[in-house]
Amino acid sequence: MKKILSIALVAVMVLGLFAGCNTANNNTGNGSGEVTIKVAAIETAYGSEMWKKVCDAFTAETGIKVELTTDKKLEEVIGPQIQAGKYPDVVHLATGRPAALTEQLIKANGLHELTNVLNMKVPGEDKKVSDKIAGGFTDTSLTNPYADGKTYMAPMFYSPCGLFYNAKLFEAKGWKVPATWDEMWELGEKAKAEGIALFTYPTAGYYDAFMYALMYSVGGTEFFEKATHYAEGVWDTPEAQKMFEILDKLAKYTHEKTPAQANNQDFTKNQLMVMKDEALFMPNGTWIVGEMAEAQKTLTNEFAWGMTALPAVSADGSGYSYTWFEQAWIPAGSAHKAEAEQFVAFLYSDKAVEIFAAAGAMQPVLGIADKLEGDNKLFYSIYDNGAKAAMGNFAAFNAIPDVEVSKVFFEPIDKLVAGSLTIEQYIANIKTASDLMRANLKA
């Protein structure tokens, strides 16, 4: 479960060893004029072997040696080193982690600008980096944190989110996957007649990616930016009213048992609703396949994963799929920025993409789905099939007692579905909290 993976880091500082792609032992060269750069990458479920292979491939292509650090608690390894002025040259560590090391560097203007990297040719190839990266991934606050048109973080492994369903059920019933919300409500009535709920969700926290995509669907980038920055009056706009209308109606079509099971212990029961044909759709990410692989073996019904973007608001509108993605960056304190830029550019090479993909880590590069098979081909082709990518999140604000993004926007969905909270109360609470958030926005 995505939400469970982000656990709090322990306070004990752990000293990590640099396990390299080669035996280099310094950051200034080996005495013969050769440069060695230090690369630090968070070790996730993809493992560390892929990073070793990419480092080896980079060295073979450029002659630049790499000293690699990977650790599941990377912040605890490189944090003290950075504080001591000993910077890695390249770091793969996304925003949104509990220790917030990347955010600290952003706030301190501690990142090296990567705009020039986008115009560089990928080492060993004729294409520029910008020609390889899928559209929109370098036009978001997750890569351009200062809203100045400049890129400071490179988009890395991504996971598209959307509505997951049983494709076999749709095939058997002859049902069409809804392209608009009007079609969604029509399908909801058909499903209700057969004792099937239209919707469920693992936990209310999964409404984050859902709501972000919905914001884009009802009002595009302009509304999304205003909403996620708590603009005054934004929740009284026609776009917001449409969003709340959809949320309220969807709550009425949600399986009645969902809220009681929407917790860290029972969330898989809600996911099983879709797999057992008790509900049609649920918001989720590509990790769902591995997460429910064992449960799938026990099913007695015909089942195959299907995934679609959120429906469009109108026939001439667009459906949106939110994507989570990680980031890589170069510290401003890097001793070898030119070589570090070459390494970042190499991350988008065909060689690197293939190595990462073999480990299940997908780069946001054009045509990535052509290299995949099975469920992954379906999931990662979602943007090739007409859906638009939604990216970004709510703006950070200084701490306010009892006011958090999840508690204000997502968690109340449980009460909305259960009927203990009205849509009017939900909206009123959002307006009150947004006023406080706007007044406390971080500079």
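In case you missed it, the structure is sitting above this.
Notes on the structure in this doc start here. (Residues numbered from 1 in each chain as written. Predicted model: local features only at pLDDT ≥ 70, side-chain atom pairs only at ≥ 80, totals over all residues. Heavy atoms only, no water.)

1. Observations concerning the side chain of Ser159
Inspection of the secondary structure assignment puts Ser159 in strand S4 (residues 154-166). Among the polar contacts listed, one links the side chain of Ser159 to the side chain of Thr286, at a separation of 2.6 Å. Those residues within four positions of Ser159 in sequence are excluded, and the remaining contacts are Thr286, Trp287, Tyr322, Thr323, Trp324 and Tyr380. (Helix = DSSP H or I, 4+ residues; strand = E, 2+ residues; numbered from the N terminus. Polar contact = N/O pair within 3.5 Å; in protein donor to acceptor, adjacent residues only side chain to side chain. Contact = heavy atoms within 4.5 Å.)

2. With respect to the pairing of strand S2 (residues 65-71)
With five of seven residues buried, S2 is to be regarded as a mostly interior element. Note that strand S1 (residues 36-42) and S2 share seven bridges and pair parallel. The partner of Ala41 across the bridge, within S2, is Thr70. Read as a crossover between parallel neighbours, the route from S1 over helix H2 (residues 49-62) to S2 is right-handed. (Buried < 20%, exposed > 50% of the residue type's maximum accessible area, 1.4 Å probe, protein only. Pairing = 2+ DSSP bridges. Right-handed = clockwise from strand over helix to strand, strands pointing away.)

3. Side note on the pattern of salt bridges
What the rule picks out here adds up to 15 salt bridges. For Glu34, the salt bridge goes to Lys65, with nearest N and O atoms at 3.3 Å. One end of the pair, Glu34, is in the loop between helix H1 (2-5) and S1; the other, Lys65, is in strand S2, and 31 residues separate them in sequence. Taking the relative accessible area as the measure of exposure, Lys65 reaches 27% and is therefore partly exposed. Between Arg438 and Asp435 there is a salt bridge, with the nearest N and O atoms lying 2.7 Å from each other. Placement of both Arg438 and Asp435 in helix H20 (residues 423-439) is noted, with a separation of three residues, approximately one turn of the helix. In the salt-bridge network here, residues are joined through shared partners; they are Glu125, Lys132 and Asp350. (Salt bridge = Lys/Arg side-chain N within 4 Å of Asp/Glu carboxyl O.)

4. A short note on helix H12 (residues 267-275)
Along H12, seven of the nine residues are buried, which leaves the element largely enclosed by surrounding structure. A positive phi of about 65 degrees marks Asp277, the residue just after H12.

5. Digging into the layout of surface pockets
For the second largest pocket, the calculated volume is near 270 Å³. Along the walls of the second largest pocket sit 20 residues, with Pro178, Thr308, Ala309, Asn385 and Ala387 positioned nearest its centre. Residue composition of the lining of the second largest pocket, by class: twelve nonpolar, eight polar and no charged. (1 Å grid on protein atoms, 1.4 Å probe; cavity = no way out; pocket = protein on both sides within 12 Å on 5 of 7 lines; lining within 4 Å. Points joined across faces, edges and corners; volume = space filled by probe spheres on them. Nonpolar A, V, L, I, M, F, W, Y, C, P; charged D, E, K, R; others polar.)

Note that every value here comes from positions in space, so none of it alone points to a role or purpose.
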